[in-house]
Amino acid sequence: MHPVTHFLVGWTVAGASGLEKRDRAIVSIAGIAPDFDGAGVVVELATRESNTPLLWWSEYHHVLGHNLAFGLIVFLAAALFARRRLLTAILSFFVLHLHLLCDLIGSRGPDGFQWPIPYFWPFLPNVEWVWSHQWALNAWPNFVITIVLLSATFFLAWKKGFSPLEIISNQADQLFVGAFRKRFGTPQM
Ligand SMILES: [Zn+2]
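Just so you know, these numbers come straight off a predicted model, no measurement behind them.

Enquirer: Honestly, the overall build of the chain in this entry has me stumped. Any pointers?
Expert: Scanning the chain from N- to C-terminus turns up eight helices and zero strands. Going from N to C terminus, the chain has its helices and strands arranged as α-α-α-α-α-α-α-α. With the C-alpha coordinates of the chain rotated into their principal frame, the extents come out at 60 × 35 × 35 Å. Split into buried and exposed, the 189 residues of the chain put 31% on the buried side. Sequence-distant contacts, at least 24 apart, represent 60% of the contacts inside the chain between residues at least 6 apart.

Structure follows, in structure tokens:
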């Protein structure tokens with residue numbers, strides 16, 4: 001699915017979990033972390049016309065970050081950087097798997113290509129998961145899921161007093177929360 005949707009999955013889980021700010025950011029980042037393997041698109045486009053094009057996107061997207069081994073790396077990294085280490089690591093591992101699940105069910109390409117998930121890569125590179133009913137990246141279920149997640153994000157901002165903007169700027173975050181509370185009233189704690 002779209003990176004924004006993946007991010008919102010992680011954010012919603014983190015926001016509902018009671019974790020503090022830093023740990024919320026870690027879980028949210030874990031939700032989009034697998035898609036770092038799509039960054040090779042820059043190199044691939046840049047070398048497209050050369051005699052030795054580097055097909056880093058074609059070969060590594062949905063491979064390097066979309067497997068159990070990467071999930072374990074994220075688990076350890078989350079445990080290393082978080083304040084509530086165990087809970088943050090478990091939730092990071094969990095949202096990473098939600099990412100894989102979302103890709104499995106709803107990331108079919110415009111050319112009809114069904115992205116397989118090589119869950120045991122690199123140890124069992126030939127074992128790949130595909131769901132034959134996988135819908136397209138721009139299909140309506142993905143819009144519905146994104147709208148539901150956005151609604152949850154707005155609700156959390158109103159109810160709990162924080163939004164994803166806190167990752168960038170506390171001031172912007174508080175302006176955002178303030179606007180909601182002005183409109184809908186201050187929640188009963
Ligand atoms: Zn992905």
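So, next bit.
Enquirer: Got a minute to help me understand the packing of helix H2 (residues 21-32) against helix H6 (residues 85-106) in this structure?
Expert: To characterise two packed helices, one gives the angle between the axes of the helices and the distance between these axes. Closest axis-to-axis distance for the H2/H6 pair is 7 Å, and the angle between their directions is 25°. Our classification of the angle between H2 and H6 gives roughly parallel. Crossing hand, H2 versus H6: right-handed. Contacts between H2 and H6 involve Asp23, Ile26, Val27, Ala30 and Gly31 on the former and, on the latter, Thr88, Leu91, Ser92, Val95, Leu96 and His99. Across the contact of H2 with H6, the residue classes tally to six nonpolar, four polar and one charged.

Enquirer: Help me understand unusual backbone geometry, please; the structure alone is not making it clear to me.
Expert: Outside of glycine, negative phi angles account for most residues, and trans bonds account for most peptide bonds. Following Trp121, the chain continues into Pro122 via a peptide bond in cis, with omega recorded as 0°. By the secondary structure assignment, Pro122 is in the loop between H6 and helix H7 (140-160). In the Ramachandran plot, His62 falls in the positive-phi region, its phi being about 70° despite a non-glycine side chain. With respect to the helices, strands and loops of the structure, His62 is situated in the loop between helix H4 (56-60) and helix H5 (68-81).

Enquirer: How should I be thinking about the nonpolar core in this particular structure?
Expert: Generally speaking, nonpolar side chains in soluble globular proteins are found buried as a group. Grouped together as the largest cluster of nonpolar side chains are 23 residues, with contacts concentrated most on Ile26, Val27, Ala30 and Val95. Contributions of two or more residues to this core are made by helix H1 (3-17), H2, H5 and H6.

Enquirer: Quick question: what am I supposed to make of H1 here?
Expert: Because the α-helix completes a turn every 3.6 residues, residues three or four places apart line up on one side. Along its 15 residues, H1 runs 21 Å from first to last C-alpha, staying within 8% of the 21 Å computed at 1.5 Å per residue. Judged by how many residues are buried, H1 sits mostly within the fold: 11 of 15 residues are covered. Taken together, the buried positions of H1 are occupied by Thr5, His6, Phe7, Leu8, Val9, Gly10, Trp11, Thr12, Val13, Ala14 and Gly15. At its buried positions, H1 is contacted by H2, H6 and H7.

Enquirer: Would you take a moment to explain the environment of Val177 for this structure?
Expert: In this fold, Val177 is placed in helix H8 (residues 170-184). According to the C-beta neighbour criterion, Val177 is buried, with 20 such atoms within 10 Å. When the C-alpha positions of Val177 and Phe162 are compared, they lie 6.5 Å apart, and in sequence the two are 15 residues distant. When neighbours within four sequence positions are excluded, Val177 is seen to be in contact with Ala157, Gly161, Phe162 and Ser163.

Enquirer: Could you clarify how one ought to interpret the environment of Arg83 in this entry?
Expert: When you line up the elements, Arg83 lands in the loop between H5 and H6. The class of Arg83 is exposed, set by 12 C-beta atoms lying within 10 Å. Sequence spacing of Arg83 and Glu20 is 63 residues, and the spatial spacing of their C-alpha atoms is 8.3 Å. With residues up to four places along the chain from it excluded, the contact list for Arg83 reads Glu20, Arg22 and Asp23.

Enquirer: Is there a simple way to explain H7 in this structure?
Expert: In this model, H7 (21 residues) spans 30 Å end to end at C-alpha, consistent with the 30 Å of a helix rising 1.5 Å per residue. At the exit of H7 stands Gly161, carrying a positive phi of roughly 85°.

Rules used in this analysis
Residues numbered from 1 in each chain as written. Predicted model: local features only at pLDDT ≥ 70, side-chain atom pairs only at ≥ 80, totals over all residues. Helix = DSSP H or I, 4+ residues; strand = E, 2+ residues; numbered from the N terminus. Buried ≥ 20, exposed ≤ 12 C-beta atoms within 10 Å, placed from the backbone. Contact = placed C-beta atoms within 7 Å. Axes fitted to C-alpha atoms, helices over the stretch in contact; angles between N-to-C directions. Parallel < 35°, antiparallel > 145°, perpendicular 65-115°, else oblique. Left-handed = near helix turned anticlockwise from the far one by under 90°. Nonpolar A, V, L, I, M, F, W, Y, C, P; charged D, E, K, R; others polar. Core = buried A, V, L, I, M, F, W, Y, C linked by C-beta atoms within 7 Å. Expected span 1.5 Å × (residues − 1).

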